[in-house]
Structures are given as C-alpha cells and as structure tokens.
Amino acid sequence: MDLHVTIPSGLHGLELKNPVMTASGTFGYGVEFAPYGDLARLGGIVVKGLSLKARAGNPMPRIAETACGMLNAVGLQNSGVENFITQKLPQLPWQETPVIANLYACDPDEFAELAGILAAEEGIAAIEVNISCPNVSEGGILFGQDARQAARVTGAVKRRSGTKPVIVKLSPNVTDIAEIARAVEDSGADMLSCINTLSGMAVDIRSRKPLLANVIGGLSGPAIKPVALRCVWQAARSVSIPVIGIGGATTAEDILEFMLVGAHAVQIGTANFMRPDCAFRLVDELQQLVDTLGITSWDDFRGSLDIR
C-alpha cells in the first residue's frame, strides 16, 4: 500500500508521504538530523519550539533518564523565529516535505504575532501551537489546562495564520482532554496533536537533590504511550478535526496503534534521542508491517478499533 496520508483541513490540509512525523523539541531544527537519513523521506518535520526572541532555556541539568522514558526541562531554548527563518528554514527540504513550525509564547497577542510572522513564509506548511509546555516557569501550562484560555490562544493564532493550518498541541495534564479539544476546535483549530509530556520529577536520595535544576519537567518516552493512546482516542471521538498522535512511539507497531485509535499521523519524539535514525528507519518498517498485515487503506484502518 502507498503510505501517503492526507490530513484534511478546509482548503489547505497537509499532504504527507507517510504518517511518520517528528515531534517538536526532539529533532532540533531538523537540519541536525540530516546526517542520519534523508529528511525528504519523512512525512513531516516539526521543528523545535520557536519564540519571538532567542531563549537561553533552563539551567543545567535539564535532562534525566527515567524508567522507560526521560524527563526534560530544557525550557524551550531556541535562537528566535527570525534566526530560524533566515538560517534554518532554507536548509530544510520544505518543497518536498511539510515543515511545521511549533510556537511558544506567554500570552495570546505574542502567539498571534509569531503566527503572523510564520504565516508569511512559503516554506512553512502549518503552525503547531504549544499551549501546554510543563517545563517553562513563566506559565505556558495555564493555557493548556483551561478550556477558555486554550480557546483564546487558538483564536488569536487562527486570526493571524492566513492559509496555514493551525495545529493545537494538547496537554495530558488535565481533567478532561475532550473538553479542551472541543474548545480549541470551536475556536478554529484545524487539527490537534496530542499529547505533550506529562508533568513529573525525579530525585537523588544520596544528594537529596532533584535530578533537574528546574525540579519539575516533562516525562516522555514509552512509559507514557498508554496515556497518549487514551488521549488520542478520547480526542478523536470528541471532535471532527484530525488528530496527530504523540507519546512514546518507537516502533512501526506503535504507529499503527495510534492510527487504530484515530490518529492521522504520528510524531516520533524521545526515540530520536535513543537512535537519531529512528524516524527514517520507521518509514521502511511501517511499509513492511502494513504489507504484512494486509492493510490497504488508511481511511479504512484509521479509528477502526473494535470496542464491542
């Protein structure tokens, strides 16, 4: 079967060669991973979170290994949106593979300004809005935990995004993810991506100190996949817009699990730290698995989980 995926979105959806995407914050600006595979073979490249101005991020240490996963409190270190546009974007194969910009800001107006800047760039296929980063002390997490705040940010970005599809990245650190999903859909979101990391921490009993200088960070990796599957399933059943799955996928089987519960595509995150060629390798492995299982249509397979 041809792995091509269409993620519908009004007049301007996303056309992916395959459903294998990269997750923001785990794949740099994309150019860093060019030595490990052909970037043009990926379904989509989601770059690290961009802010209006350069950010130094959190103090060290800001990554800690955990059982079946990792904690990070990088703090959205980035060189700023203008540097990305002039220095990084020209190096990406945006003519062949959709490049999605991930945005971080501290208020709706700032989100809107960022969206306006990126909406003018031909090389940007879509905008992913990070309303739920748990490792930045200024407060991105507030937007992702409150339906009204999430709707405000979504509306602000949508008004400035032009023809670019707006993907809202949801947090699992909520009571009811379906409520947040419906709120951002009602405010104009074209797609959802879920989930962001879970809030967590780790400590050292010998030094009696936290393993992260920020104390609290975002938990990711295979440990969170069951939570991610549940969230994707609930979100996909609650809205009519497409959902992109994220959370602990490391194998072709994982990708199909996310699609079975309703995802159109799957972002690969923490696995890129374990094997920088992982996303590239999964494209081939997914093709082999789909052929072995006799899957002939994404439309027929997607969301076909039998819960009777």
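Before any of the text, the structure's been laid out above.
Every chain is numbered on its own, with residues counted from 1 as its sequence reads. Totals for whole chains, interfaces and linings use all residues, but because this is a predicted model, local features are given only for residues with pLDDT of at least 70 and pairs of side-chain atoms are given and counted only at 80 or more. Side-chain calculation: all heavy atoms of the structure are included, whereas hydrogens and water are not.

*Asks:* So what about the sheet that holds strand E8 (residues 126–130)? Which residues, and what values?
*Replies:* The strand order E3-E16-E15-E10-E9-E8-E7-E4 describes an open sheet built from 8 strands, whose pairing is parallel. What marks the edges here is a single partner per strand, and that holds for strand E3 (20–22) and strand E4 (45–46). Any two residues whose heavy atoms approach within 4.5 Å are treated as being in contact. Note on definitions: angles span 0 to 180 degrees between N-to-C directions of axes, and those axes are lines fitted to C-alpha atoms, for helices only across the stretch in contact. Secondary structure elements follow DSSP: runs of H or I of four or more residues count as helices, runs of E of two or more count as strands, with numbering from the N terminus. Each of E3, strand E15 (243–246) and strand E16 (265–268) touches helix H7 (residues 252–260); the most contacted strand, E16, lies at about 135 degrees to it. Along the sheet, helix H9 (residues 278–293) makes contact with E3 and E16, crossing E3 at roughly 170 degrees. Paired strands, as defined in this entry, are two strands with at least two bridges between them according to DSSP.

*Asks:* Which residues make up the state of the cysteines, and what are the values?
*Replies:* Only a pair of cysteine sulfur atoms within 2.5 Å qualifies as a disulfide here. Applying the stated criterion to the full structure yields 0 disulfides. Of all cysteine sulfurs, the one in Cys278 lies closest to Cys68, which takes part in no disulfide; the gap is 15 Å.

*Asks:* Tell me about the sheet that holds strand E14 (residues 216–220), and name the residues and values.
*Replies:* Remark on secondary structure: sheet strands pair via backbone hydrogen bonds, oriented parallel or antiparallel. Across the sheet, which stays open at both edges, the 4 strands sit in the order E5-E6-E14-E11 with antiparallel pairing between neighbours. Only two strands of the sheet have a single partner each, and these edge strands are strand E5 (63–66) and strand E11 (198–201). Each strand of the sheet is rotated relative to its neighbour by a mean of 40 degrees, with strand direction disregarded. Two strands pair when backbone bridges link them, and E5 and strand E6 (residues 69–72) are joined in this way by 4 bridges, in the antiparallel orientation. Of the residues in E6, the one forming a bridge with Glu65 is Met70.

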